[in-house]
Each structure stands twice: as structure tokens, then as C-alpha cells.
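Chain by chain, the residues run as shown.
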Amino acid sequence: MAKPYPYFVSLSEAISLCQITHPIMESEEIPISQGINRVISGEVKAMVNDPPFDNSSMDGFAVIHSDTTSPPTELSIIGSIMAGSPQIHQLLPGQAVRIMTGAPIPEGADSIIPIEDCTVDDDKVTLNKPSKPHFIRKLGENFSIDQTIFSPGATMSPEKIALCAAAGVSTIPVFQKLKIAVISTGDELKPLTDDLGYGQIYESNSYGLAALVEIYGHEATRFPNVIDDLDILRDTLVEASKTHDCIITSGGVSMGDKDFVRILMEQEGDIKFWRVKMRPGSPPLFGLWNHTPIFGLPGNPVSSHVVFRAIVGKWLTSLTKSTDINNKLTHAILSEDIKTQPGFTTFRRVELFIKDDTTYARLKGHQGSGNIAGIAMSDGLTMIEPDELGKKGDTCKIILL
Ligand code: AMP
Ligand code: MG
């Protein structure tokens, strides 16, 4: 019987069907020390030049280059300048100033000679090579005052946080975190505080999914595991939708009689698609529960991660118009055939290796979608498009993990 919603869609259709809902993304100003993974919501401009003054990139001597072109050259040492020194020296022909990395260049000097190319004798220095102008870091060569260092959509990394500080920027405008509920379902799941009985496993998906939410710059609430019970699940979704901007469930979306996320969404929710042509991870659904976006991810641990990266992450980055820095793509040559299915996008766990300056990918570990150890130890996931065959020697897109 035809479903009243898109059924078994391609991955690209699934990604575009998620666009029917866009929570309003508010902005806030936060200290840069809290900026990791957050997405910039406005222009950020440098408050200072970098460097703010010409300075030395070497420990050595500041000299006049024309003095040094016929080594060895003997010069008189007239002083020393340390990093942070406010003293201004005036250099004349025949003179050298001892200088440390980061110290301001004395007036009159146009080049630096590293200490290792000099012989020092009391207040004389012999230069055994010509000096090097490029050992001077010029005022503003990295960026200049008022220059835009980030535009909306940039995701804060450790390096970008350091750049803010170098630019004198102490707070940044970012999109507010979405509050995302992470709800695991399944009678067999136990919290880490319990001992396992026969037939039981530790609930692990919510930890990985919450960590994924956080690397996308949002806030996850891990709900206590929900047993396979329609009423308890309904109550939990009602509560989550009142207090959260988005819900992510794991488990209970397949064809089974106890797959209550799918059953409840079919009966009382608003499904926008169910099932996606991807391996692993074909069971997911997306829709609205009480107007709140809900992603029903499969329970199999690898599938839940792959579906998050392939669909939920794309939706989150679309809300802030940011590039998906958590799913960095590279290319590698397949060193073996990969099992694919026509029309499906195939995500296999691989490790990368380099041979003769070429990057290759080979399968890593057991490829079962229940094997979280396999994905945890992999370098990446293949992203073999529906029309590709995944044959040995083919160039393949790899999502780096
Ligand atoms: P389901 O999608 O509910 O049919 O579950 C598929 C498989 O994933 C089963 O083997 C479950 O035991 C396992 N599973 C479901 N949810 C979790 C979870 N939160 N943590 C670890 N494994 C899970
Ligand atoms: Mg289940």
C-alpha cells in the first residue's frame, strides 16, 4: 500500500526534505574561551594589526643588509632588544643590535642574521653570511586592523579562537545553541550503572549522538532510556517537544512490531520521510512531533552515527549556513572492491594508507552495523554515490572521522 509520505527516498532527497523545517536561529555574544564548535553569526573584525609592529622572527642580530653582503663582516654590538622591550634603538652603518624573536626591529635596521651564522667576541660580532630581510615580520602582514577575520557561518576551531585573541577580540557573536533531546528506545538497553542481565546490552548510542550534537555547536540532553512502550514513548516525546528545539531518537524505527517510534509517528506524528537508500542506516525517519523536528535514527550503533553524519549534521549546518567541518571530505583510491547496492549511498568503514605518494582506502574491521568498535577504529567512511560501483582502483570520496 502506498505510504502517505515519501518512502525509501535517496539520501539527497532525505537531506532536502529536512529543509521543510527551520527553527529560528537567535544570536548571542559569548567569550572566546567558550567558543569551541560554535558558529559565528555576524562579521568579526580585527581590533589591532598583526603583528602590531615590525619584529624579528629569529634570535640573532638586527643589521643593515648592505653592510653584510661580503662576509665575513665585523660589526659593533650597540645593545640588546628582548621581546616586549619598549626601548627604541637607532642603528647606524657598521653596527648591530642583538635581538630576540618577537622583539621590535630597531630603527635603521632592515634585516636579521640568525645567531647560528655569527661569531660573538665581546662587543663585536662577525657575520659569516649575508643577513636576511625576510626574517623581519612586517607590521600588519598577517591581518590589519578592521579587517574581517570571520564572516557568518564560520565554525570556531582552536586555531580560530587563538586568532580572535591575537586580533584583540574577546567576545564573538554566535548562533544560540539549539536544545536537542537525545532519546534511546529499547527494552534491552541498560544504563552503565547497572549490571547486565542475559539479553541486555549497555545503552551506548545516546552518548555518541550527544557528542555529535556538541561538535556541531549545540546542546544535547540525554534522556533516560525509554522501554518499548507506546504510552511511555508518547509521554517522553511530549515532554521533550515542550522543552527542546529538536528531538533525536535511536531505535524503534524499523518494520518490527515493537518499533514504536515509527508506529507512534505514523499514528500521531507528521512523517516527512521514512527509510533512506543508504547502507548502513536505511531505516531512519524524519518528521514533526507537536511542530518539533524529530529525527528517528536506527538503533544499530554504526547506523545511528552514519545517519547523524549524513542527514542530521547536514540539517544543522544548513540552519547556520556553515560548512560541515565535522565531515571533512577527502579522496582515496579503493584498494579492494566495496560491496554496494545500485541506487544506494554506501558508507563503509575504512582505514587510509599511503603508498607511492597515493592515498588508498581499505575496509577496516567487521562491517556489521552493530559493530561500534569498527567505526571507532576507522579513519573514515566511504561515500560511494548511488551511481558508483565501488570497485578496486576507483577514486572514492571519504568522510574523515
Ligand atoms: P532497533 O533499531 O530498535 O531495532 O535496534 C537495532 C539494534 O540496535 C538492536 O540490536 C539493538 O539492541 C541495538 N540498539 C538499539 N538502541 C541502542 C542503543 N541506544 N545503544 C546500543 N545499541 C542499541
Ligand atoms: Mg529496538
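Structure: see above.
Residues numbered from 1 in each chain as written. Chains lettered and ligands numbered in written order. Predicted model: local features only at pLDDT ≥ 70, side-chain atom pairs only at ≥ 80, totals over all residues. Heavy atoms only, no water.

**Student:** Just to check I follow, could you spell out the sheet that holds strand S17 (residues 219-222) for this structure?
**Tutor:** Pairing between the strands of a sheet is mediated by backbone hydrogen bonds and can be parallel or antiparallel. Taking strand neighbours across the sheet as the criterion, the seven strands line up as S1-S19-S21-S22-S18-S14-S17 in an open arrangement whose pairing is mixed. Bordering the open sheet on either side are strand S1 (7-9) and S17, each of which pairs with just one other strand. Averaged over neighbouring strand pairs, the angle between their axes works out to 30° when direction is ignored. Inspection of the sheet shows strand S14 (residues 179-184) paired to S17 by four bridges, in the parallel sense. Along S17, the bridge assignment pairs Val182 with Arg222. Each of S14, strand S18 (246-250), strand S21 (285-289) and strand S22 (292-297) is contacted by helix H4 (residues 230-243), which is oriented at about 165° to S14, the strand it contacts most. Helix-sheet contacts for helix H6 (residues 301-319) involve S14, S18, strand S19 (270-276) and S22, and the interaxial angle to S22 is about 155°. (Pairing = 2+ DSSP bridges. Helix = DSSP H or I, 4+ residues; strand = E, 2+ residues; numbered from the N terminus. Axes fitted to C-alpha atoms, helices over the stretch in contact; angles between N-to-C directions. Contact = heavy atoms within 4.5 Å.)

**Student:** Explanation requested: the site of ligand 1 in the structure shown.
**Tutor:** As a structural note, the neighbourhood of ligand 1 is formed by 16 residues, with Glu188, Glu203, Ser204, Gly252 and Gly299 the closest of them. A distance of 3.1 Å is found between a nitrogen atom of ligand 1 and a side-chain nitrogen or oxygen belonging to Ser184. Look at ligand 1: alone it shows 480 Å² of surface, and the protein chains cover 77% of it. Partitioned by chemical class, the residues of the shell around ligand 1 number four nonpolar, nine polar and three charged. (Near = heavy atom within 4 Å. Polar contact = N/O pair within 3.5 Å; in protein donor to acceptor, adjacent residues only side chain to side chain. Areas by Shrake-Rupley, 256 points an atom, 1.4 Å probe, with all protein chains shown as cover. Nonpolar A, V, L, I, M, F, W, Y, C, P; charged D, E, K, R; others polar.)

**Student:** Whenever I open this one, the pairing of strand S23 (residues 329-334) confuses me. Can you help?
**Tutor:** Regular strands have side chains that alternate between both faces of the sheet. By the bridge criterion, five bridges tie S23 to strand S28 (residues 395-400) in an arrangement that is antiparallel. Along S28, the bridge assignment pairs Ile333 with Thr395.

**Student:** What exactly am I supposed to notice about the sheet that holds strand S10 (residues 124-127) here?
**Tutor:** One open sheet holds the six strands; their spatial order is S8-S5-S7-S6-S10-S9, and the pairing between them is mixed. At either margin of the open sheet sits one strand with a lone partner, and together these are strand S8 (111-114) and strand S9 (118-121). Taking each pair of neighbouring strands and ignoring which way they run, the sheet shows an average axis angle of 35°. Pairing of strand S5 (residues 60-63) with S8, which is carried by four bridges, proceeds in the antiparallel orientation. By the bridge assignment, Val63 is partnered in S8 with Ser111.

**Student:** How should I be thinking about the nonpolar core in this particular structure?
**Tutor:** Side chains that are nonpolar tend, in soluble globular proteins, to be buried together. In this structure, Ile248, Met278, Phe295, Phe308, Ile311, Leu316 and Phe347 are the most contacted members of the largest nonpolar core, which totals 39 residues. Secondary-structure elements contributing two or more residues to this core are helix H1 (11-17), S14, helix H3 (205-215), S18, S19, S22, H6 and strand S27 (380-383). The leading source of residues in this core is H6, at ten residues. Sequence-distant contacts of Ile311, defined by excluding residues within four places in its chain, comprise Leu11, Ala14, Cys18, Phe273, Val276, Met278, Pro284 and Phe295. (Core = buried A, V, L, I, M, F, W, Y, C linked by side-chain atoms within 4.5 Å. Buried < 20%, exposed > 50% of the residue type's maximum accessible area, 1.4 Å probe, protein only.)

**Student:** Please clarify how a nonpolar patch on the surface should be interpreted in this entry.
**Tutor:** Together, Leu192, Leu196, Tyr202 and Tyr207 give the surface a local cluster of nonpolar side chains, amounting to about 370 Å² of exposed area. Here Tyr207 lies in helix H3. Residue classification places Tyr207 among the partly exposed residues on the basis of a relative accessible area of 37%. (Patch = residues over 30% accessible without salt bridge, like charges linked within 9 Å, V, L, I, M, F, W, Y side chains within 5 Å. Salt bridge = Lys/Arg side-chain N within 4 Å of Asp/Glu carboxyl O.)

**Student:** Honestly, the pairing of S22 in this entry has me stumped. Any pointers?
**Tutor:** With respect to burial, S22 is a largely interior element, six of its six residues being buried. Bridge count for S18 against S22 is four bridges, and the pairing is parallel. Each bridged residue has a counterpart across the sheet, and for Thr249 the counterpart in S22 is Gly296. Where S21 folds back onto S22 in an antiparallel hairpin, the turn is made up of two residues, including Asn290, whose phi is positive at roughly 50°.

**Student:** How should I be thinking about a negative patch on the surface in this particular structure?
**Tutor:** A surface patch of negative charge is lined by Glu74, Asp121, Asp122 and Asp123. With respect to the helices and strands, Asp123 occurs in the loop between S9 and S10. (Lys, Arg positive; Asp, Glu negative; His and termini not counted. Charge placed at Lys NZ, Arg CZ, Asp CG, Glu CD.)

**Student:** Any chance you could explain the pattern of salt bridges here in plain terms?
**Tutor:** Where charged atoms from two side chains of opposite charge come close, those side chains can pair. A complete count under the given rule lists twelve salt bridges for this structure. The partner of Lys397 in a salt bridge is Glu385, and the shortest N-O contact between them spans 2.5 Å. Residue Lys397 is located in strand S28, and its partner Glu385 is located in the loop between S27 and S28; the two are separated by twelve residues in the primary sequence.

All we've got here are geometric facts, nothing functional implied.
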